[in-house]
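Report on the structure
One letter stands for each residue in the lines below.
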Amino acid sequence: MTVEFTVGDRFVEAAEEWGDNRMMDREDAVETKAEQALLEVEHLVSGATDVSFDVEGRTVRHEASDELAALLAEQSAETGLDESELLRLHVDLFSGAFREDDAVRPPNAPPE
């Protein structure tokens, strides 16, 4: 099942900030962070260590595992949201995970 969604401003801003610190252009940073977020989601759901995806601008196309497709279908039935919107929300949750400012670090995080 191919799921297509558009990443939000929060995701793009966090990816750009991360990329700026590594002297990466915006497209490469968004692609890298999309891959990392999709890997996190897929790994949690299916144990996958590789993902198949494509990024064009802000549009992400992901070939979901059978397990992720089943989870998204179940969540869609429960919430009434489209599978693509649900995956976008899951991916967006990880956008804060790669921000580097202290404002998003939990107070009990180990020192850097």
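Heads up: the structure comes first, above all this text.
Residues numbered from 1 in each chain as written. Predicted model: local features only at pLDDT ≥ 70, side-chain atom pairs only at ≥ 80, totals over all residues. Heavy atoms only, no water.

With respect to the side chain of S65
- Position of S65 among the secondary structure elements: in the loop between β3 (59–63) and α3 (66–79).
- When near neighbours in sequence (up to four residues on either side) are disregarded, S65 contacts E42 and S46. (Helix = DSSP H or I, 4+ residues; strand = E, 2+ residues; numbered from the N terminus. Contact = heavy atoms within 4.5 Å.)

Describing the packing of helix α2 (residues 26–46) against α3
- The interhelical angle for the contact between α2 and α3, taken along N-to-C directions, is 90 degrees, at an axis separation of 9 Å. Relative to α3, the element α2 is oriented roughly perpendicular. Contact with α2, carried on its side by V41, E42, V45 and S46, involves E67, L68 and L71 of α3 and no other residues of that element.
- Residue composition of the contact of α2 with α3, grouped by class: four nonpolar, one polar and two charged. (Axes fitted to C-alpha atoms, helices over the stretch in contact; angles between N-to-C directions. Parallel < 35°, antiparallel > 145°, perpendicular 65-115°, else oblique. Nonpolar A, V, L, I, M, F, W, Y, C, P; charged D, E, K, R; others polar.)

Examining the pattern of salt bridges
- Here the structure, examined in full by the defined rule, presents seven salt bridges.
- Between E4 and R61 there is a salt bridge, with the nearest N and O atoms lying 3.4 Å from each other. Highlighted residues: E4 in strand β1 (residues 2–6) and R61 in strand β3, separated in sequence by 57 residues.
- Residue E4 is classed as partly exposed on the basis of its relative accessible area, which comes to 44%. (Salt bridge = Lys/Arg side-chain N within 4 Å of Asp/Glu carboxyl O. Buried < 20%, exposed > 50% of the residue type's maximum accessible area, 1.4 Å probe, protein only.)

Here we look at unusual backbone geometry
- Unlike most non-glycine residues, M23 shows phi in positive territory, near 55 degrees.
- The residue M23 is located in the loop between α1 (9–20) and α2 in this model.
- Judged by relative accessible area, which is 80%, M23 ranks as exposed.

Digging into α3
- Across its 14 residues, α3 extends 20 Å between first and last C-alpha, which sits within 8% of the 20 Å expected from 1.5 Å per residue.
- Taken residue by residue, α3 has L68, A69, L72, Q75 and S76 as its buried positions. Seen from one end, α3 has its buried residues packed into an arc of 130 degrees, which puts them on one side. Of the exposed residues in α3, those oriented more than 90 degrees away from the buried face are D66, A77 and E78. (Expected span 1.5 Å × (residues − 1). Arc of directions from axis to C-beta.)

Re the nonpolar core
- Ranked by internal contacts, the top residues of the largest apolar core, which has 20 residues, are F5, F11, L38, V60, L87 and V91.
- Element by element, the count of residues in this core is highest for α2, at five residues.
- Sequence-distant contacts of L38, defined by excluding residues within four places in its chain, comprise F5, V51, F53, V60, H62, L87 and V91. (Core = buried A, V, L, I, M, F, W, Y, C linked by side-chain atoms within 4.5 Å.)

A few points about the pairing of β3
- Judged from the five bridges that link them, β1 and β3 form a sheet pairing that is antiparallel. Across the sheet, residue T6 finds its bridge partner in β3, namely T59. (Pairing = 2+ DSSP bridges.)

A closer look at α1
- Taking 1.5 Å of rise per residue, twelve residues should cover 16 Å, and α1 covers 16 Å from first to last C-alpha, within 8% of that figure.
- When α1 is considered as a whole, its buried residues turn out to be F11, V12, A14, A15, W18 and G19. Each buried residue of α1 sits inside an arc of 165 degrees when the element is viewed along its axis, so together they form one side.
- Taken together, the buried residues of α1 touch α2 and α4 (83–93).

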